[in-house]
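Listed here are the chains, written in short residue letters.
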There are 2 protein chains.
Amino acid sequence: MIGTGSMAGGLLMWLWLWLLAGPGGAVWPQPQHVRVWPGSSSRLVPARFRFGYARDSAVGPGCAVLDQAFLRYWRLLFAAQRRPPEYEQLWEMSCNELLVSVTKPGCEDYPNMDSEESYKLSISEDSFLLTADSVWGALRGLETFSQLVGRAEDGTYYVNKTDIVDFPRFRYRGLLLDTSRHYLPVKAILETLDVMAYNKLNVFHWHIVDDPSFPYESAAFPDLSEKGAYNPITHVYTPNDVKLVIEHARLRGIRVIPEFDTPGHTLSWGPGAPGLLTPCYIGSKPSGAYGPVNPILNSTYQFMAVLFREVSTVFPDFYLHLGGDEVEFTCWRSNPEINSFMKQMGFGQDYTELESFYIQRLLDMVSSYGKGYVVWQEVFDNGVKVKPDTIIHVWKESVPYQHKMAQVTKAGYRALLSAPWYLNHISYGQDWLAAYKVEPLQFAGSSEQKALVIGGEACMWGEYVDATNLTPRLWPRAGAVAERLWSNETVRDLQDAYYRLADFRCKLLGRGIQAEPLFVGYCDHEYSRS
Amino acid sequence: MIGTGSMAGGLLMWLWLWLLAGPGGAVWPQPQHVRVWPGSSSRLVPARFRFGYARDSAVGPGCAVLDQAFLRYWRLLFAAQRRPPEYEQLWEMSCNELLVSVTKPGCEDYPNMDSEESYKLSISEDSFLLTADSVWGALRGLETFSQLVGRAEDGTYYVNKTDIVDFPRFRYRGLLLDTSRHYLPVKAILETLDVMAYNKLNVFHWHIVDDPSFPYESAAFPDLSEKGAYNPITHVYTPNDVKLVIEHARLRGIRVIPEFDTPGHTLSWGPGAPGLLTPCYIGSKPSGAYGPVNPILNSTYQFMAVLFREVSTVFPDFYLHLGGDEVEFTCWRSNPEINSFMKQMGFGQDYTELESFYIQRLLDMVSSYGKGYVVWQEVFDNGVKVKPDTIIHVWKESVPYQHKMAQVTKAGYRALLSAPWYLNHISYGQDWLAAYKVEPLQFAGSSEQKALVIGGEACMWGEYVDATNLTPRLWPRAGAVAERLWSNETVRDLQDAYYRLADFRCKLLGRGIQAEPLFVGYCDHEYSRS
C-alpha cells in the first residue's frame, strides 16, 4: 500500500536511492568549478581550528560581517562543541586555520545588486585559503567550506584537498515570504534567513502587508497596524523587529526588499487610513465595502508620499517592490466619482488607464526618493511608463512565462522569474524536481535579452502556511531554486542533484533546521536517544 | 499573485472565513447531541477547580486511567498555571468540580473493539457531571469538557451551561503511522497519540516494519533490527520503547495494533534472517537479489511461529495486522525451486495460490495464539480462507472502494476503510474537505452489510514524512477523518465544519501541537512576543 505505482519499480527506486546515501563533502548549490582529491584529507580539531584574516587581506578584524561569520561557522562546524576556543591561548599549538583574504578594501555596509560574490577556495594539507573580491564573496566561500567538512565514524572532522573557483550564475536569487495572510514571528524569519544563506540565496522579498492583515508598524501612520494587524500587540513588526531582520540579513549577505503592494491587495490598510480605499457602490449608494486604493484623490498621493518616504528610509536597499498586481476593477466601476474622473481624463471604459495613472504617480514619487523598484508583470502588461532600470517580476502561469520573459526583455527591461517557483503550491511526491528542471533563459530572445534576466525568486505565499509548517514546506524544496540560480546551467543531472540535495538536507537537520525528507531513508545523527 | 482564481472570489472567501473566527466552545468531533445555553455560564478558577469521582461511581481513586486523565486535563485546561492545586488543602474553599461517574464496575486494563465509549455531560451553574458506562467513555467526556471551557479576554476561564449525550458512530477509528520508510522517534509517536485522543481516535495502527528498515527490536531475533534497522542503536524501538507506546496509548483509550506485513514488504528482514526471503534468479543462477518471504520452506514457518508468538505477547490487543498486500510475483516466478513446488502442489501458473498457501498457514498460526487479525484487501481478493471474524482493510483506489466495501461485507466479513484517507497524499489547498466529505456507508448493500463496517483509518505512509513534517501534515487534516468516524452521519455542513476545525486547530496550537492552518487567518495567543 505504498501507493507509488508498481512495487518492482518502487523497490528499485528506493534501493538505488539508498545506495546513493553516503558521507558528506558534496556542496549545495554546486560550485562552478570543483576539484577534489578524495585520498588526501586534513583533520580538523575543533579546539585547534580557527578562521582568520590572511596577511594580505584588504579587510581585517573589526569587519562585523566577517568577524561574526567566523564565529557562526565555527559553531556550525563543531555543533557538538560547547563554544569556540579561546583563540589566543590555544593558538600556540594550533593545527589549521582557514585564512580569508578579501582583495577589495572596505567592509561594505550592505550587499546590493552589484555585489561581487565570487570566491576561490584552496584546501590542501598544509593550508586552507579562501580569497574573494568582497566580504560577500567571502561569506559564500565560508558556507562552501563548512559543507566540505565531513565527520568520520569515530567523530573526527576532516576536509579533503579541494580547489574551488565559484561565482553565481544570476545576481538576484530571492525568496518571498508573505507575512500578511499569516503572521510569521520574527524568529521564523530569522531562521529562514539563516537557511537562505546556507543556500547562497541573497534577496529576502518581504511581502509584508496585503489584504488580510497589516503587521508593519509605521511611525507615520501607527493606525495602519493598530487597526489592520491581526493583533496590534502580538502580530506586528515593530521598528526594532524590522531592524533586527535587516541586520540579520545583512550579516549573511542578504538584501531585504520590502513589498507594499498597491493599489490592489490593500483591504487591511482601510481601517487605519480612512478615505484611502475606494468605496464600492450598489446602484447609487455606497455598499459599505471597499475596493483598491482610491486613485482620484490628492489625499491618496499625500498619504503614499509620507508612507513611502518612511519605507524608503527604513529599508536600506536601493529597491522597493511596489506590487501592482491583480487590480480588480469591479469596485472602481461601481463608483460614480471614479467614473466622472475617468470621463474627465478621457480614459473611456479602460480601467487599466486609471490603474496606470495611479502607478505612474507612485513610481515617480518613489524615484524621487532615490529608489529603484520591482513591480509585478501587470504593470508592464498595462503599458505603464516605468524607468528603464525597472525590474519586471514575472509570476503568471496562465500565459507560458517564457513568452513574458521574451516580451519583457525585448522591451529592454530587466526580468525576474517566479512563475514556475510558487513553492506554496505543493503536490505529492518529489516536487522539487519540477522547480529544479526550470531553465530561466530558455525563451526566444537575443543574448542581450538573456543578459536582462537578473535572476529569480522562490515564492512561499501564506494562504496555507504559517510558522507551524513553513520550514519543512520551504526546505529543501527552495534549495532546488537556489541551485538553479547559482550553479552553471549545465548542472542538471537529477540523480546527482538528488544525492547532493538529500545530503544537504541532512546537513540542515544537523544545523537544527526541520527540513523535510526528499524520499525514503534517514540521516546519520538525526536523532539522539534520550 | 495569490493564485487562487479571481481576486473577487478570493476576497469574499477570506472575508467570510474571517468573520467565522470567534471565541471557542465548539467541539471537535461534533458530539451526537448537544444543547448549549450561551447566556448561562460558570467561571472556573484554576486553583479552585478539580476533577473528582462521583459518590455513586463504580470506579474510584486508584484507577490509573482516570487518575492520570484528571491530572492531564487539569494541565491542558489551565496551561498557563504551573501545576495542579494541592487538592486537599484548597478544597475547603472550592468552587467547582467535574464529578465523574462510571457505572460499570472495574477499571479496565486495555480498551478493545467492544469498549463502551459513550458518555453524558451535564454542565449547569451548580454542578458539572460526567457519566459513562466505562472509563473509556469517561476519557472521551473529559476531552469534550476540556474543549467546552473557554477563556474570556480578561483571562478568566468559563464554561457555558451545556448538556451533551455522545457516542461514536464507528467503533474503530484509526490512524496508521509508518516507521519503516522513515524512523519516527518515540517522542513523535507519543505526541501523535496525544493528538489522537484530542480527536477521539482510538486505534493506533503501527506499521512498524517494511522493506526499507526493520526498527522493531525482537527478543527472539535480535539480528532483525541489528542488521535491518537504519541504525541499530538510534533507529530502533526497544522492548521498553514499545511498552512506553502501548502504555501511553492505553491511558488515552487507544489500542495499538502492530503490523508485521508479510510475505511482501519484507526486504529489510533479509539481512537478519538468512534463508527467509526468496532468492531471485536470472536464468539458472541466483541474481543476488531477494523477493518476498520464501513460502515453500518449513524453516520459514518455524521462524514466523517464533516471531509472531513474541509479537502476540508483546502487544496486548486481540488484533494483529498481518499485511498481505502487494506481493510481487517476479522473483517467485524466476526461482526454480518455487516452480517445482508450484507443480507439486498443482498450482499451475497461479502465484496467488502460492501466496494464499502462505497466508493461510500464517493466519492459522496466529489464530492458534488466540489472536484475531486484520489483513489488507488482497488477502480477500485472492480468496484466502480466513476466519469469519477477520477484518478486511480496504485501501486500493484503483477500483472504486465502494465496490470493495460492498463485496467484502456481502461475503460476511467486517470491513475497515482507508482508501479515501491516505493523508500522505497531499495537494494544494484545503484538502481536508475531500477526506471530510467521504461517507463510509455509501455503497450498495443491505443494512446487515453496513453493520459490518467497523470504521476507518487515516494512513500517513512514510515515503515523504518523518519527524520534521509529520505533525503539520497530519493535523488538523486527520481531524476530518476523526469527525467522519465519530459524529452522526448528518454532520456534513462544510461551513460549520470549517469553523469548528479552525477553532480546534487553534486549541491544538494552544496545547503545543504544530497543527497547520486551514486557510488565511490567525489564532489568539498563537505567539507571545519574547
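Residues numbered from 1 in each chain as written. Chains lettered and ligands numbered in written order. Predicted model: local features only at pLDDT ≥ 70, side-chain atom pairs only at ≥ 80, totals over all residues. Heavy atoms only, no water.

Chain A carries the name Beta-hexosaminidase in an unreviewed UniProt entry, which gives Crocodylus porosus as its organism. Regarding chain A, the relevant UniProt record gives this comment under Sequence similarities (unreviewed entry): "Belongs to the glycosyl hydrolase 20 family." (UniProt positions renumbered as here; feature names shortened; annotations may be inferred.)

K.L.:
Whenever I open this one, the overall build of chain A confuses me. Can you help?
P.N.:
Within chain A one finds 18 helices and 17 strands. In terms of overall dimensions, chain A is globule-like: its C-alpha atoms have a radius of gyration of 25 Å, near the 24 Å expected for 530 residues. The C-alpha extent of chain A, read off along each of the three principal axes, is 80 × 60 × 55 Å. Within chain A, buried positions represent 61% of all 530 residues. (Helix = DSSP H or I, 4+ residues; strand = E, 2+ residues; numbered from the N terminus. Rg over C-alpha atoms; globule rule 2.2 N^0.38 Å. Buried < 20%, exposed > 50% of the residue type's maximum accessible area, 1.4 Å probe, protein only.)

K.L.:
Quick question: what am I supposed to make of the pairing of strand S15 (residues 391–394) of chain A here?
P.N.:
Consecutive side chains of a regular strand alternate in pointing toward one face of the sheet and then the other. Residues and elements named next belong to chain A. Because side chains alternate across S15, one face comprises the buried residues Ile-391 and His-393, and the other comprises Ile-392 and Val-394, equally buried. Across 3 bridges, the pairing between strand S14 (residues 372–376) and S15 is parallel. If you follow Val-374 over to S15, its bridge partner there is Ile-391. (Pairing = 2+ DSSP bridges.)

K.L.:
Could you clarify how one ought to interpret unusual backbone geometry in this entry?
P.N.:
With the exception of glycine, most residues fall at negative phi, and the peptide bonds are largely trans. All names here are of chain A. Here the amide bond leading from Trp-28 into Pro-29 is cis, since omega sits at -10°, within 30 degrees of zero. Note that Pro-29 resides in the loop between helix H1 (7–20) and strand S1 (33–44). Phi at Lys-200 is positive, roughly 60°, even though this residue is not glycine. As for its position among the elements, Lys-200 is in the loop between helix H5 (186–198) and strand S9 (203–207). Owing to a relative accessible area of 0%, Lys-200 belongs among the buried residues under this scheme. With a phi angle near 45°, Glu-326 is a residue other than glycine that sits in the positive phi range.

K.L.:
Can you help me understand the state of the cysteines in this one?
P.N.:
Simply put, the disulfide is a covalent bond whose two ends are the sulfur atoms of two cysteines. Residue and element names in this part refer to chain A. Per the counting criterion, the structure on display carries 6 disulfides over all chains. Between the sulfur atoms of Cys-280 and its disulfide mate Cys-331 the distance is 2.2 Å. Judged by the sign of its S-S torsion, about -105°, the cystine formed by Cys-280 and Cys-331 is left-handed. With a gap of 51 residues between them, Cys-280 in strand S11 (residues 277–282) and Cys-331 in helix H9 (residues 330–334) connect regions that are remote in the sequence. On the basis of relative accessibility, which here comes to 11%, the residue Cys-280 falls in the buried class. At a sulfur-sulfur separation of 2.1 Å, the disulfide partner of Cys-506 is Cys-523. Disulfide Cys-506-Cys-523: the torsion about the S-S bond is -80°, which places it as left-handed. Of the two residues, Cys-506 sits in helix H18 (residues 494–510) while Cys-523 sits in the segment after H18, which places them 17 residues apart along the sequence. For Cys-506, a relative accessible area of 25% translates into the label partly exposed. Looking at chain A, its bonded cysteines, counted consecutively from the start of the sequence, adopt the pairing 1-2, 3-4, 5-6. (Disulfide = S-S within 2.5 Å.)

K.L.:
Would you mind going over the interface of chain B and chain A with me for this structure?
P.N.:
Interface size is commonly expressed as the accessible surface area that is lost when the partners come together. Between chain B and chain A, the residue contacts involve 65 residues of the former and 66 residues of the latter. For the interface between chain B and chain A, the tally reads 4 salt bridges. Here Glu-516 of chain B and Arg-473 of chain A are joined by a salt bridge, their closest N and O atoms 3.1 Å apart. At the boundary of chain B and chain A, one finds 24 residue pairs in polar contact (both at pLDDT 80 or more). Taken together, the elements giving at least two residues each to the side of chain B that touches chain A come down to helix H1 (7–20), strand S10 (255–262), helix H16 (470–474) and helix H18 (494–510) of chain B. The leading source of residues in the side of chain B that touches chain A is H1 of chain B, at 5 residues. (Contact = heavy atoms within 4.5 Å. Salt bridge = Lys/Arg side-chain N within 4 Å of Asp/Glu carboxyl O. Polar contact = N/O pair within 3.5 Å; in protein donor to acceptor, adjacent residues only side chain to side chain.)

K.L.:
Help me understand the relation of the copies chain B and chain A in this model?
P.N.:
Copies of the same chain, two in number, are related to each other by a rotation about an axis and a translation along it. You can overlay chain B on chain A at an RMSD of 0.0 Å; the transform is a turn of 180° with a shift of 0.0 Å along its axis. Taken together, the rotation and translation describe the operation of a two-fold axis. Scanning chain B for the C-alpha nearest the rotation axis identifies Ser-427 of chain B, at a separation of 2.4 Å. By residue overlap, the copies meet face to face through one surface: 100% of the interface positions of chain B are interface positions in chain A. (Least-squares fit on C-alpha atoms with pLDDT ≥ 70 in both.)

K.L.:
Just checking my understanding: could you explain the nonpolar core for this structure?
P.N.:
One recurring pattern in soluble globular proteins is that nonpolar side chains are buried together. Residues Phe-145, Phe-260 and Trp-475 of chain A are the most contacted members of the largest nonpolar core, which totals 152 residues. Residue assignment places this core across two domains, with domain 1 (33–166) and domain 2 (172–511) of chain A each supplying three or more. Within the second largest apolar cluster, 113 residues are counted, among which are Leu-193, Ile-246, Val-366 and Tyr-413 of chain B. (Core = buried A, V, L, I, M, F, W, Y, C linked by side-chain atoms within 4.5 Å. Domains from an automatic or database assignment.)

K.L.:
What is the right way to look at the side chain of Thr-262 of chain B in this model?
P.N.:
Residues and elements named next belong to chain B. On the secondary structure map, Thr-262 appears in strand S10. In this structure the side chain of Thr-262 is engaged in a polar contact, spanning 2.7 Å, whose partner is the side chain of Tyr-358. For Thr-262, the residues in contact, after removing those within four places along its chain, are Trp-269, Val-293, Met-304, Leu-322, Gly-323, Gly-324, Tyr-358, Ile-359 and Leu-362.

K.L.:
Help me out: how do you make sense of the domain arrangement of chain A in this one?
P.N.:
All names here are of chain A. By the assigned domains, chain A splits into domain 1 (33–166) and domain 2 (172–511). Between the C-alpha centres of domain 1 and domain 2 there is a distance of 35 Å. Facing 21 residues of domain 1, the contacting portion of domain 2 comprises 24 residues. Taken together, both faces of the contact between domain 1 and domain 2 bury some 2,000 Å²; the carbon and sulfur share is 55%. Applying the counting criterion to the domain 1 and domain 2 interface returns 2 salt bridges. (Buried area = accessible area lost by both parts, 1.4 Å probe.)

K.L.:
Would you mind showing me how to read H18 of chain B here?
P.N.:
Note: α-helices contain 3.6 residues per turn, so residues at a spacing of three or four share the same orientation. Residues and elements named next belong to chain B. The first and last C-alpha atoms of H18 sit 24 Å apart over 17 residues, in line with the 24 Å expected at 1.5 Å per residue. Those residues of H18 that fall on the buried side of the exposure criterion are Ala-497, Tyr-498, Arg-500, Leu-501, Asp-503, Phe-504, Arg-505, Lys-507, Leu-508 and Leu-509. Looking at the residues trailing H18, positive phi occurs at Gly-512, about 85°. (Expected span 1.5 Å × (residues − 1).)

K.L.:
Can you walk me through the pattern of salt bridges in this structure?
P.N.:
When charged atoms on two side chains of opposite charge get close, those side chains can pair. Residues and elements named next belong to chain A. Within the structure shown, the criterion is met by 46 salt bridges over all chains. Note that Glu-117 is salt-bridged to Arg-140, the shortest N-O span being 2.8 Å. Of this pair, Glu-117 sits in the loop between strand S3 (96–102) and strand S4 (119–123) while Arg-140 sits in helix H4 (residues 135–148); the two residues are 23 residues apart in sequence, bridging distant segments of the chain. Among the salt bridges present, the one from Glu-439 reaches Arg-492, with a minimum N-O distance of 3.5 Å. Residue Glu-439 is found in the loop between helix H14 (432–437) and helix H15 (447–451), and its partner Arg-492 is found in the loop between helix H17 (477–486) and H18; the two are separated by 53 residues along the sequence. What emerges from the salt-bridge pattern is a single network uniting Arg-169, Glu-439, Glu-489 and Arg-492.

K.L.:
Before we go on, may I ask you to explain the sheet that holds strand S17 (residues 453–460) of chain A in this structure?
P.N.:
Hydrogen bonds between backbone atoms are what pair the strands of a sheet, whose relative direction is either parallel or antiparallel. All names here are of chain A. One closed barrel holds the 8 strands; their spatial order is S8-S9-S10-S13-S14-S15-S16-S17, and the pairing between them is parallel. Pairs of neighbouring strands in the sheet enclose a mean axial angle of 25°, with direction left out of account. Two elements, S15 and strand S16 (residues 414–417), share 4 bridges in a ladder whose sense is parallel. Bridge assignment links Ile-392 to a residue of S16, and that residue is Ala-415. Across the sheet, H5 lies against strand S8 (172–178) and S9, angled at about 150° from S9, the strand it touches most. On top of the sheet, helix H13 (residues 401–410) reaches S15, S16 and S17; it is set at about 160° to S16, its chief contact. (Axes fitted to C-alpha atoms, helices over the stretch in contact; angles between N-to-C directions.)

K.L.:
Help me understand the sheet that holds S10 of chain B, please; the structure alone is not making it clear to me.
P.N.:
Residue and element names in this part refer to chain B. Judged by pairing direction, the barrel is parallel, and its 8 strands sit side by side in the order S8-S9-S10-S13-S14-S15-S16-S17 before closing back on the first. Between one strand axis and the next, the sheet turns by 25° as a mean value, whatever way the strands run. Sheet topology places strand S16 (residues 414–417) next to strand S17 (residues 453–460); 3 bridges connect them, and they run parallel. Across the sheet, residue Leu-417 finds its bridge partner in S17, namely Gly-456. With respect to the sheet, helix H5 (residues 186–198) is in contact with strand S8 (172–178) and strand S9 (203–207), its orientation differing from that of S9 by roughly 150°.

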